[in-house]
Amino acid sequence: MGTTAVVLGGGYAGVMAANRLAAAARPGLDVVLVSPGERFVERIRLHEYAAGVRSDATASFESVLHPAIRRVRDTAVRIDAAGRCVRLAGGRLLNYDYLVYAVGSGALKVPEGALTVQQLEGAEDTRTALEALAPGGRVAVVGAGLTAVETAAEIAAHRGDLHVRLHTDGNPLPQVTAAARRGLERSLRRTAVKLQSGVRVSGSGDPHLRLQADVVLWCTGFGVPDLASASGLPVDQEGRLLLDPNLQVPGEERIYGAGDAAVIASPEYAYLRMSCAAAMPMGADAAGNILRGMDGAPGIRHDSGFGGQCVSLGRSDGLVQFVRADDTPVRVHLHGRLAAVQKEIICRMTLRWIRSEIKRSGAYTWPKGLRMTTAEQTQAPAGR
Ligand SMILES: Cc1cc2nc3c(=O)[nH]c(=O)nc-3n(C[C@H](O)[C@H](O)[C@H](O)COP(=O)(O)OP(=O)(O)OC[C@H]3O[C@@H](n4cnc5c(N)ncnc54)[C@H](O)[C@@H]3O)c2cc1C
């Protein structure tokens, strides 16, 4: 009898996992990818798309998925762990032997009337709203993190005719060093982004009136779908599926998780923030551990780390804050065109990394974190 691995979510984590599984070409292994979208969404480019800089931020699934993967265009609405099946919004029931939960994230607690860039649909609405703005139109971007800063800078650089204001409750990009932030603030001034820092914008009432803006973009963080909690699976306070270091759900050995919608429930992994940079290694390792499980071999502990935080500030400016593997900043940072080029290279590489797994299961490698012991590192990785 064959084995079915179902991957929920066709983003960076899910596609990486599905490719690694399919390219392993295990006899009898059927890989199914469930995702509602028609095309693969390059979420890391959605601010560029929303600002009107790019005409598209998607790729065809055919171009990023191994041809042996069966794609089901639908949304999972319930996981029945005991029955090993997933109910889809279209009414279908999908049985699985192994499940990868990689349903990603979207915008967090968006007030009525505000727009978003965190998912394709929101970015489309934002793009339309910005296109409709006449010169002199006022745009307020709320948030202090990477998405907010990149979005404000991208809009201001592309639409010099608009007034763009960035509202942060504390410093913009609080995670970078003071020197890097000074450079960032200079870049924001150059692109004429007005910085309104130190004031928390409340989510109640009409944000347009409060912020005196024609378009309000809410970029205060990512929230995850409630599929795991609705299915009775263990979740953290934010609704992320809880995993052990092998990326398995404790007590549910056939369910693995990867990407923004899942979290390793151990303080030593707290540095793994929601990001494409974390989602792809998690997807790859979840798949690798499924292949090991099929061989009767023990899984390996996930190990990934960061190298830098790459921030685009329009097309010709940027900031790269180099970090230790645990994402803490070091003194070295890059500014200007070189940083913008570096960011663009990383964006292009994400698709290349995903596609590399079509050709060879295990082709994608990534920077390791600080957490692995030597003994763990020497475990033979199967399926790579
Ligand atoms: C503007 C912007 C810029 C960014 N820049 C960077 C960057 O420079 N570097 C970086 O590391 N990260 C960046 N990120 C973050 C990064 O995009 C996310 O962390 C990453 O997309 C997470 O990957 P994922 O596979 O977990 O989820 P996603 O990419 O969100 O994919 C999740 C998939 O699951 C599908 N799905 C959702 N619900 C269901 C369901 N119930 N059933 C089936 N499928 C479902 C979705 O349709 C989607 O296809 C950026 C994000 C934004 C918005």
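Residues numbered from 1 in each chain as written. Predicted model: local features only at pLDDT ≥ 70, side-chain atom pairs only at ≥ 80, totals over all residues. Heavy atoms only, no water.

*Asks:* Can you help me understand the UniProt feature "domain: FAD/NAD(P)-binding" (unreviewed entry) in the protein in this one?
*Replies:* Mapped onto this numbering, the UniProt entry annotates "domain: FAD/NAD(P)-binding" (unreviewed entry) at residues 5-270. Each end of residues 5-270 is marked by a C-alpha atom, and these two atoms are 28 Å apart; helix forms 26% of the span and strand 27%. (UniProt positions renumbered as here; feature names shortened; annotations may be inferred. Helix = DSSP H or I, 4+ residues; strand = E, 2+ residues; numbered from the N terminus.)

*Asks:* Where do I start with the packing of helix α1 (residues 12-23) against helix α10 (residues 337-359) in this structure?
*Replies:* Two quantities define a packed helix pair, namely the angle between the axes and the distance from one axis to the other. It is the contact of α1 with α10, at a shortest axis distance of 7 Å, that shows an interaxial angle of 25°. One way to sum up the angle between α1 and α10 is to call them roughly parallel. Touching Tyr12, Val15, Met16, Asn19, Arg20 and Ala23 of α1 are Thr350, Trp353, Ile354, Glu357 and Ile358, all from α10. For the contact of α1 with α10, the residue count by class is seven nonpolar, two polar and two charged. (Axes fitted to C-alpha atoms, helices over the stretch in contact; angles between N-to-C directions. Parallel < 35°, antiparallel > 145°, perpendicular 65-115°, else oblique. Contact = heavy atoms within 4.5 Å. Nonpolar A, V, L, I, M, F, W, Y, C, P; charged D, E, K, R; others polar.)

*Asks:* Sorry, what's going on with the packing of α1 against helix α9 (residues 276-294) here?
*Replies:* Across the interface, α1 lies against α9 with an axial gap of 7 Å and an inter-helix angle of 30°. Relative to α9, α1 is oriented roughly parallel. α9 is crossed by α1, and the crossing has right-handed handedness. Two secondary-structure elements touch here, α1 through Tyr12, Ala13, Met16, Ala17, Arg20 and Leu21 and α9 through Cys276, Ala279, Met280, Gly283, Ala284, Ala287, Gly288, Ile290 and Leu291. Broken down by class, the residue content of the contact of α1 with α9 amounts to twelve nonpolar, two polar and one charged. (Left-handed = near helix turned anticlockwise from the far one by under 90°.)

*Asks:* Help me understand the sheet that holds strand β20 (residues 308-312), please; the structure alone is not making it clear to me.
*Replies:* Two strands in a sheet stick together by hydrogen bonds in their backbones, pointing the same way (parallel) or opposite ways (antiparallel). The three strands lie next to each other as β20-β21-β22, forming an open sheet whose pairing is antiparallel. Edge positions in the sheet fall to β20 and β22 (329-335), since each of these pairs with one other strand and no more. Adjacent strand axes in the sheet meet at a mean angle of 15° when their direction is disregarded. Looking at chain direction, β20 and strand β21 (residues 318-323) are connected through five bridges and run antiparallel. Of the residues in β21, the one forming a bridge with Gly308 is Phe322. (Pairing = 2+ DSSP bridges.)

*Asks:* Explain the pattern of salt bridges to me, please; I cannot follow it from the model alone.
*Replies:* Side-chain pairs of opposite charge can arise where the charged atoms are in close proximity. Across all of its chains, the model carries 23 salt bridges by this definition. For Arg127, the salt bridge identified is with Glu131, shortest N-O distance 3.6 Å. Taken together, the positions of Arg127 and Glu131, both in helix α4 (residues 120-131) and four residues apart, correspond to about one turn of that helix. In this structure Glu131 comes out as exposed when scored by relative accessible area, which is 54%. Linking Asp161 and Arg159 is a salt bridge whose minimum nitrogen-to-oxygen distance equals 2.9 Å. The exposure class of Asp161 is partly exposed, given its relative accessible area of 30%. Exposure remark for Arg159: the relative accessible area of 15% places this residue in the buried category. (Salt bridge = Lys/Arg side-chain N within 4 Å of Asp/Glu carboxyl O. Buried < 20%, exposed > 50% of the residue type's maximum accessible area, 1.4 Å probe, protein only.)

*Asks:* Looking at this structure, I do not really get the site of the ligand. What am I missing?
*Replies:* Around the ligand lies a shell of 31 residues, among which Ala13, Arg43, Ala76, Asp260 and Lys343 are the nearest. Asp260 places a main-chain nitrogen or oxygen 2.9 Å from an oxygen atom of the ligand. Between the ligand and Ala277 there is a distance of 2.9 Å, counted from an oxygen atom to a backbone nitrogen or oxygen. Protein contact buries 87% of the 1,000 Å² of open area that the ligand shows by itself. Listed by contribution, the elements that provide at least two residues to the shell around the ligand are α1, α5 (146-158) and α9. The greatest single-element share of the shell around the ligand, amounting to three residues, is contributed by α9. Residue composition of the shell around the ligand, grouped by class: 15 nonpolar, twelve polar and four charged. (Near = heavy atom within 4 Å. Polar contact = N/O pair within 3.5 Å; in protein donor to acceptor, adjacent residues only side chain to side chain. Areas by Shrake-Rupley, 256 points an atom, 1.4 Å probe, with all protein chains shown as cover.)

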